[in-house]
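# Commentary on secondary and tertiary structure
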Amino acid sequence: MQSPLLRSAVALALMGISATTLAEPRIEINGGRSYSDSYWSNTAWIEGIWSEHAFGNSQYTWSPAVSLGFINGRNVSKYGNAVSDDVWLLGGGVRMRYGSSGDWYHHLFWTSEIAAQSGRTLALSSGGEFVNSIGWTDDHWTFQIRHVSNAGIKGSNRGETMALVGVAFNP
């Protein structure tokens, strides 16, 4: 009896932590161009960023982040169909920043996520990818450089590097 009770208590505690962590979402809608192996393509992303939490007593903060992205396939005759798939990615991770909300550099961020993806190309050749972004965000704007890659875990590791510009709002 004690074991199921303990599991239930842990489950309720985790749900409570999740509910407070996921309060106050910020939605970012980004679009831009992605570059891989000398060829460009269109890309679009929608992201949810939740409230910040401090790492202990430091000025470093983290926020839960999820994203849904699309990278348009390329028609490059020398590769045949190897790069023509459209790719959808669904990821989750954290956005980290430094400083307090009044500091000019608090607008800078680094986001790191793990993503599952559909489609296969020379740049994104496995079902799992790592998504890393550095950028700047304001109340209603976001600018970032993002790289998506499988880190050489399976198949080729050309990756996709993109420049994104977007709008942001709190619903």
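Read on for an overview of the structure. Keep in mind that what you see is a predicted model, and the values were worked out from it rather than measured.

The sheet contact formed by strand β4 (residues 60-71) and strand β5 (residues 87-98) spans 12 bridges and is antiparallel. Across the sheet, S67 pairs through a bridge with G91, a residue of β5. Pairing of β5 with strand β6 (residues 108-118) involves nine bridges; the strand directions are antiparallel. Residue pairing for β6: R95 is matched across the bridge by T111.

Turning to the nonpolar core, a few remarks are in order. By size, the foremost hydrophobic cluster in this structure holds 11 residues: W45, I71, V87, L89, A115, A123, L124, V131, V148, M162 and L164. At the level of elements, β5 and β9 (160-169) are the ones that each hand at least two residues to this core. Those residues in contact with I71, other than ones at most four positions away along the chain, are S34, S41, N42, T43, D85, D86, V87, L89, L124, E160 and M162.

Here we come to the environment of E47. Secondary-structure assignment places E47 in strand β2 (residues 39-49). Taking the relative accessible area as the measure of exposure, E47 reaches 1% and is therefore buried. Engagement of the side chain of E47 in a polar contact is seen with the side chain of Q144, the distance being 3.5 Å.

With that out of the way, let us pick up the side chain of S41. The residue S41 is located in strand β2 in this model. Here S41 falls in the buried class, since its relative accessible area comes to 3%. At 2.4 Å, the side chain of S41 forms a polar contact with the backbone oxygen of N72. The residues contacting S41, other than those within four sequence positions of it, are G32, R33, S34, I71, N72, G73 and R74.

What counts, and at which threshold
Residues numbered from 1 in each chain as written. Predicted model: local features only at pLDDT ≥ 70, side-chain atom pairs only at ≥ 80, totals over all residues. Heavy atoms only, no water. Pairing = 2+ DSSP bridges. Helix = DSSP H or I, 4+ residues; strand = E, 2+ residues; numbered from the N terminus. Core = buried A, V, L, I, M, F, W, Y, C linked by side-chain atoms within 4.5 Å. Buried < 20%, exposed > 50% of the residue type's maximum accessible area, 1.4 Å probe, protein only. Contact = heavy atoms within 4.5 Å. Polar contact = N/O pair within 3.5 Å; in protein donor to acceptor, adjacent residues only side chain to side chain.

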